[in-house]
Every structure is written in C-alpha cells, then in structure tokens.
Protein chains: 2
Amino acid sequence: MKKGKRTYVFDNRPKIIGRYAVGGPKEGEGSIPEYFDEILEDDLLGQKTFEIAESTMLRKAINGAIQNAKLDVKDVDLLFSGDLLNQTFASNFAARELDVPYAGLYGACSSFGEGLALASMLVDSGTIGKAAVAASSHFSAAERQYRFPLELGNQRTPTSQWTVTAAGCSVVSSDGNGPEIVSATIGKVVDYDVSDVNNMGAAMAPAAGETLLAHLEDTGVEPDYYDMIFTGDLGRHGMEMFRYFMESSGVKIGDNYCDCGAMIFRPEQRTFQGGSGAGCCASVFNCYILELLKRGRYGRVLFMPTGALLSKDSPLQGEPIPAICHAISVEYNKKTEI
Amino acid sequence: MKKGKRTYVFDNRPKIIGRYAVGGPKEGEGSIPEYFDEILEDDLLGQKTFEIAESTMLRKAINGAIQNAKLDVKDVDLLFSGDLLNQTFASNFAARELDVPYAGLYGACSSFGEGLALASMLVDSGTIGKAAVAASSHFSAAERQYRFPLELGNQRTPTSQWTVTAAGCSVVSSDGNGPEIVSATIGKVVDYDVSDVNNMGAAMAPAAGETLLAHLEDTGVEPDYYDMIFTGDLGRHGMEMFRYFMESSGVKIGDNYCDCGAMIFRPEQRTFQGGSGAGCCASVFNCYILELLKRGRYGRVLFMPTGALLSKDSPLQGEPIPAICHAISVEYNKKTEI
C-alpha cells in the first residue's frame, strides 16, 4: 500500500528467510569479522582477474543465501543484483552461472537497497514468491577502474573511503520466518553540487537526508521510532554531514544512528572515513544488522543504502556528483503498525 | 499471476498511456523516421559531450512520454531507466533533473524490456499506479567507450551493428487507454561461448531463442499466435541465427518476425547488420510498434529486447559474451486470453 509520496507500507510484510555475507581479508581484520558467514583468505579467489574474483565472491553470497533459506536456486523467482563495475560485470557473470530469472540493477552503492525495495514490492503483492537480492564490490577492481592501478601506490586523501571487498545476499519471501520488511521509501536523485570525488560522504549525505525526511513524512514516525538507523556508506565525515543536514531541516538524530561504512573497519586500519562500495552495506546488512535483529538487540531498524551516481567520466566532464538513497524498514519480533 | 516457470500473465493488463521516441540525424534518414516523435538535427543537442547529450535526449523522451500521457512528472510513481554507459551515466543524470523516484537498471540493450516487465508487474498488482520506463543509447558515446574514438576512423567488420542514437520512453498505468501489456517472461543469462565482440547478434540470438521457448511453454501458444514478434537488436545476421536456433529446437518461425535493429536503418546506410544499443528497441517500440498497434495493423505483438551483458573489459579477460532477453506481450483491441 502506497503511503504518502513514495513510501510503500507492506500489508504482507515480506520475510528475509535467507542471508549470506562474504568479506575479503581486510574486512576479516575489521570491526565485525565474526558476523560474516565467510572471510576470504585470498581476495583473488584463485581467479585470474579482480573482476572475475568479485563475480565469484558475489555468486558465493547468492548461493549461500539460497542455501541458508533451505532452497534450491530453482525456487527463486527473480534475482536482483548490482555492483560498481562498468556494465555491472560482476552481477552479469554471477547470474550467468545461475539458472535463475535475472534483473540487473545499477544504483551504485545503493544497489542492494534498490533491489531490496523492488523485491519487497513484488513479494508483498504476491506477484513473486521468492526473490534473491545481492550486491558486491571489490577494492582492487574498483580502485583500478575508478582511480589508479594498485601498482601506482597512490596517496589517498583524508576524506576518502576504502571500497570494501565484500558481497551480501538476502532471500526475500512471502512465507517463512525471519526479519520482516515493513516499508520501503524509494529515493530520488539529488545533487548538492559536491564535486570532490574523494569525498563521497558529502555527496551522498543530502540524499540520505532527503530520503529520511520523505520517509518520516510519509509514515508519520520520528527518528527515535527506530532502535537503529543505518545509512549505507557515508563514512564518518558523511555521518556528520547527514546529522547536520537533518538538524538544519529541524530533525534531531540521536544516538540511534550508525553508518555501515563507518563501522566495518577499525580506525587503525587507516581507511580514513571508513568503507564504501555496493558490497559494504549489502554485507553489513546480511551479517550484522539481520543478526542483531534476530538476537533481539534491535526490534526495528531503518536501513538506508546510499549511492553516488557519478560515472568515472562525469567528474572529468565537470559534472558534480548526483546521489540517491532508498530507505527500508525492517522489524523482528516487534509487532507494531506504522 | 505467475504462469509456468517465469512468465507473468497480468490480470489487470497495464496500459501504455504515454510514449515518446527521439532519434538522431542518422536515424532520421533511416527506414522509419516518420514514426519518431522527434528527430534531432544535432546529435550533441548543444551540449559539450556526447554523454551529456545522450542524457539530455533521454530526458526529452521521458518528459515527452509523460506529456503524451497528459501527466505531470509528479504523477509518476517510479522511473525505470537504463543505458549502455559506464555507471549508466545517461540515466542517472536524466533522473537528476526530474523530481521522481528512480530505479536504475542495467540490462544492456535489454534494459527497456527489463524495465517494462518490472513496471508491468508492479502496476498489475496495484503496488504502483504509474511508471515511466526509458532507455537510451548514443552512437558517439558508445563508440568511444566500447571501441575507439571517432577520430580514429576505424574500419568496421561485416558482422557489426551500428549503435543507434535514440531514446524511448513508455508510461505504464493501471488505468487509462492504450495498448495493453498482457504478459512478461523474464530472461535468464545464457552464454553460448560466442566471443566475437563484433558479432553481438550471434551472442544474443540464443538468449532470444531460450526466452521465446520459455514463453511458448509457459503460455501454451505458438509463434503464429502473434501478429508480429520483434526481437530487440539481433541485426540481420542475428535474425538468421535466431531462426536457426528456433528451428533446431523444433519451432518454426514464420514471416511474422522482425528485429528492431534490422529494420531501423536502410541498407544503403552501410550499418552492415543494422542498429543496436539500448535506445534501438526502446525507440522502435515507442514509435513504430505502438503506433502500428494503435492503427490496428497489429493486434498482438511479442516484444523481445535482447542484451549482450559483456563489460568492455570482459572480452579482454578472455570471457565470452553472456546475453539475456525478456519477452513482453502487448495487445490492442484484441480481446483474448492466453
């Protein structure tokens, strides 16, 4: 049921019945390795290229989530997947190995949220029974595509984030047990004229703010309605920008706020503002957030993946960085209505 | 209602209430310029780069379709859009200028079909009321991204196709009048080990064949049930490959078959196998196919956009070309059930 301008509140609350998160070696030394289902010893996974390695890692996440749901790939009606590589290399090649109807997405680091929203809308209405939603990123593939070859050993700026090597997948189902998807607020593309490609947090923070304002208006709740609000990968500086944006809009964000990018690495790992990449919030959601929902640490979470919709060419053409954010509300063992 | 393995037959038949197609100068000298809503005199549209020009053209198509539907952009619940550029540059920057919830897609030249299928599934169930679905491609942007800078004046091979400069958009609605979307069959990624990047038709033909076989099996109809079957952009050689694939599978394809890529240019334009690009079938559908449905020339059409899911890097890494095809059945003034 559509509520307000762009929020869908689900009458039948799709359930997340399967989940899997894979992380790379650096993520295995980060803040939350014990939550990951699998930590890779070798970020090449025995493949010849980083791109094929990313695709292999993504397929591990998809197969892992389907197994975790006690399903076979043939039981999945539709796979949504996205990544950061040109022409979504990782997703297309992962889908090639899976016998499943496929819809490729591009929403940069918001791709997992976009997929989760679309899957929930289709499952809630009964159009499809089971969807798999996945996303990935790979540090070495992203670095050479967006910035410089690793061999150059280039310096990084203090506002930069570190693209995580990780993949996550959720299986969303009309029946079964698991955390329930309560609502989804679809994002719009916003552009606040931020043009520093080494400061993605600043570019994406207004998108997160704008989507949260829409979500609050559409649903009539306050931020403290949620036990925790997780933005996608704004990083530490982006978190401050987001808080500032919200306070400037008259909404106070309390201690119930965290960011997937800011929390995935430990400070001494020198990632500066934290992690980023489509695999960042996809993996944190599937390992950490869903686990804490299951353990009862949280009852209600608002999950807000953010994406910087620049092309690697657009900044060279003088364009600022457009951004988007989708918000998905998830509950477990907390029976309330919004 | 899901029918068979991956076909959705729509109880409420979403209507296409608005449409718009923009073509470039070469398309204006092609086979069907009189069907286009707008032919550009300048394929740069006064912009500084081909990528921004493509995005501007795409926005023209989206705004044109919304106006054609007698709607305001605020009436659109969700915009689906995709293109061939790295990180879907054209779509993201078009959406930036539009105040509309946005879901970016990447399905290469099948993107428009993927969007049309997802939009129809969401509209049929009543989850959303109105969706805009768009896709674009631009010869000069694609050429320098996938192949060589135009200035090189490189030779083309006989099996190559010419990326069309065009964009198309449909507005899909739960109410109103217009051609009705009857069903959608979602594609899987197939790979028949074709590795010649100058022969996309051969790479995509098996995907079209595999999806048509699934569609026929799921719905129980024969190919001659349709007044016309349009594949996306297999080109002339790809059409032959598709016929061969189908006949090898025991299904004869008659004269009721055409390909958007094969028909958009005249032979003397020396495009070899014809047109390609995400804007090819998106524009042909929105100008030619929908118009002939409206005129009563066709009653039932099966529209099958095909996409080659290679990355520009994947062939360099020794990978063959995976492909996908979605099939959407459209009717107008022909009241039958499948």
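Structure first, text after, so check above.
Quick summary incoming for the structure in this document. Nothing here was measured: the structure is a model prediction, and the numbers come from that model. (Residues numbered from 1 in each chain as written. Chains lettered and ligands numbered in written order. Predicted model: local features only at pLDDT ≥ 70, side-chain atom pairs only at ≥ 80, totals over all residues. Heavy atoms only, no water.)

Further remarks concern the overall build of chain A. Helix and strand counts for chain A stand at nine helices and 17 strands. The C-alpha atoms of chain A give 18 Å as radius of gyration, which agrees with the globular expectation for 338 residues (20 Å, within 12%). In terms of overall dimensions, chain A has a C-alpha envelope of 55 × 50 × 35 Å along the principal axes. For chain A, contacts bridging at least 24 residues in sequence account for 79% of all contacts bridging at least 6. Counting every atom, chain A has about 11000 Å² of accessible surface; 47% of that belongs to carbon and sulfur. (Helix = DSSP H or I, 4+ residues; strand = E, 2+ residues; numbered from the N terminus. Rg over C-alpha atoms; globule rule 2.2 N^0.38 Å. Contact = heavy atoms within 4.5 Å. Areas by Shrake-Rupley, 256 points an atom, 1.4 Å probe, with all protein chains shown as cover.)

In this section: the relation of the copies chain A and chain B. Expressed as a screw transformation, the operator carrying chain A onto chain B has a rotation angle of 180 degrees and an axial translation of 0.0 Å, and the superposed copies differ by an RMSD of 0.0 Å. Such values leave the two copies arranged in the relation of a two-fold axis. Both copies contact each other with a shared surface, as 100% of the interface residues of chain A are interface residues in chain B too. (Least-squares fit on C-alpha atoms with pLDDT ≥ 70 in both.)

What follows concerns the side chain of A:R96. With respect to the secondary-structure elements, A:R96 resides in helix α3 (residues 89-96). Exposure remark for A:R96: the relative accessible area of 18% places this residue in the buried category. Non-local contacts of A:R96, meaning those with residues more than four positions away in its chain, are made with B:V189, B:D191, B:E319, B:P320 and B:P322. (Buried < 20%, exposed > 50% of the residue type's maximum accessible area, 1.4 Å probe, protein only.)

This part is about helix α4 (residues 111-124) of chain A. All names here are of chain A. For α4, built from 14 residues, the straight-helix expectation of 20 Å at 1.5 Å per residue is met to within 8% by its first-to-last C-alpha distance of 20 Å. Burial analysis of α4 places 14 of its 14 residues in the buried class, which makes it a mostly covered element. Note on α4: the residue one or two positions beyond its end, G126, has a positive phi of about 85 degrees. (Expected span 1.5 Å × (residues − 1).)

Below, the discussion takes up the pattern of salt bridges. All names here are of chain A. Tallied over the full model, the rule gives 36 salt bridges over all chains. Among the ionic pairs, R13 bridges to E180, the shortest N-O distance being 3.5 Å. Of this pair, R13 sits in the loop between β2 (7-9) and β3 (15-23) while E180 sits in strand β10 (residues 180-185); the two residues are 167 residues apart in sequence, bridging distant segments of the chain. Each member of the pair, R13 as well as E180, carries the same accessibility label: buried. (Salt bridge = Lys/Arg side-chain N within 4 Å of Asp/Glu carboxyl O.)

We now examine the environment of A:M204. Residue and element names in this part refer to chain A. Along the chain, the position of M204 falls in helix α6 (residues 200-219). Using a relative accessible area of 2% as the deciding quantity, one classes M204 as buried. Those residues within four positions of M204 in sequence are excluded, and the remaining contacts are D233, L234, T306, G307, A308 and A323.

Turning our eyes to something else, we now look at the packing of α6(A) against helix α7 (residues 235-248) of chain A. Residues and elements named next belong to chain A. One way to put it is that α6 packs onto α7 with a least axis distance of 8 Å and a crossing angle of 40 degrees. For the element pair α6 / α7, the angle class is oblique. Pair α6 / α7 crosses with right-handed handedness. Seen from α6, the contacting residues are G201, A202, A205, P206, A208, G209, E210, L212, L213 and L216; seen from α7, they are G238, M241, F242, F245 and M246. When the residues that make up the contact of α6 with α7 are grouped by side-chain class, the tally is eleven nonpolar, three polar and one charged. (Axes fitted to C-alpha atoms, helices over the stretch in contact; angles between N-to-C directions. Parallel < 35°, antiparallel > 145°, perpendicular 65-115°, else oblique. Left-handed = near helix turned anticlockwise from the far one by under 90°. Nonpolar A, V, L, I, M, F, W, Y, C, P; charged D, E, K, R; others polar.)

Opposite the 54 residues of chain A that make contact, chain B presents 54 residues. Both sides of the chain A and chain B interface together cover about 4400 Å² of buried area, and 58% of this is carbon and sulfur. Here chain A and chain B share eight salt bridges between them. Linking chain A with chain B are 29 residue pairs in polar contact (both at pLDDT 80 or more). Residue assignment for the side of chain A that touches chain B shows that the elements contributing at least two residues are α2 (50-68), β5 (78-83), α3, β6 (102-105), α4 and α5 (139-146) of chain A. Residue contributions to the side of chain A that touches chain B peak at five residues, all from α3(A). Residues belonging to the side of chain A that touches chain B are distributed by class as follows: 27 nonpolar, 14 polar and 13 charged. (Buried area = accessible area lost by both parts, 1.4 Å probe. Polar contact = N/O pair within 3.5 Å; in protein donor to acceptor, adjacent residues only side chain to side chain.)

As a rule of thumb, nonpolar side chains are buried together in soluble globular proteins. Of all hydrophobic cores here, the largest spans 191 residues; its most connected members are A:F230, A:Y288 and B:Y288. Contact partners of B:Y288, with chain neighbours within four places excluded, come to B:I32, B:Y35, B:F230, B:M263, B:S283 and B:Y298. (Core = buried A, V, L, I, M, F, W, Y, C linked by side-chain atoms within 4.5 Å.)

One pass over the structure, following the stated rule, counts zero disulfides over all chains. Free cysteine A:C109: the closest other cysteine sulfur is in A:C281, separated by 7.3 Å. Judged by relative accessible area, which is 9%, A:C109 ranks as buried. With no disulfide of its own, B:C280 lies closest to B:C260 among cysteine sulfurs, the gap being 5.9 Å. (Disulfide = S-S within 2.5 Å.)

The next subject is the pairing of strand β7 (residues 130-137) of chain A. Residues and elements named next belong to chain A. Extensive coverage of β7 is indicated by the burial of eight of its eight residues. Where β5 lies against β7, six bridges are found, and the strand directions are parallel. Of the residues in β7, the one forming a bridge with S81 is A134. The sheet contact formed by β7 and strand β9 (residues 166-173) spans eight bridges and is antiparallel. Note on β9: the bridge partner recorded for K130 is S173. (Pairing = 2+ DSSP bridges.)

Turning to the side chain of A:N199, a few remarks are in order. Mapping A:N199 onto the fold places it in the loop between β10 and α6. Once residues lying within four places of it in the same chain are set aside, the contact partners of A:N199 are A:T159, A:V194 and A:H237.

Turning our attention to the packing of α4(A) against helix α3 (residues 111-124) of chain B. Axis separation between α4(A) and α3(B) bottoms out at 9 Å; the angle between their running directions is 45 degrees. If you check the angle between α4(A) and α3(B), you find them oblique. Note on packing geometry: the crossing formed by α4(A) with α3(B) is left-handed. Mapping the contact onto sequence places A:L118, A:M121 and A:L122 in α4(A) and B:L118, B:M121 and B:L122 in α3(B). Partitioning the contact of α4(A) with α3(B) into residue classes produces six nonpolar, no polar and no charged.

Further remarks concern the environment of A:Y192. All names here are of chain A. As for its placement among the helices and strands, Y192 is situated in the loop between β10 and α6. Taking the relative accessible area as the measure of exposure, Y192 reaches 46% and is therefore partly exposed. Sequence separation between Y192 and F89 is 103 residues, and the spatial gap between their C-alpha atoms is 29 Å. The residues touching Y192, leaving out its near neighbours within four places in the chain, are P206 and F245.

All names here are of chain B. Most of strand β14 (residues 300-304) sits out of view: five of its five residues are buried. Side chains of β14 alternate between two faces, with R300, L302 and M304 and V301 and F303 buried alike. Alignment of strand β11 (residues 228-231) against β14, held across four bridges, turns out to be parallel. Note on β14: the bridge partner recorded for F230 is F303. Pairing geometry for β14 and strand β17 (residues 327-331), over four bridges, is antiparallel. In the sheet register, F303 faces β17, and the bridge partner there is I328.

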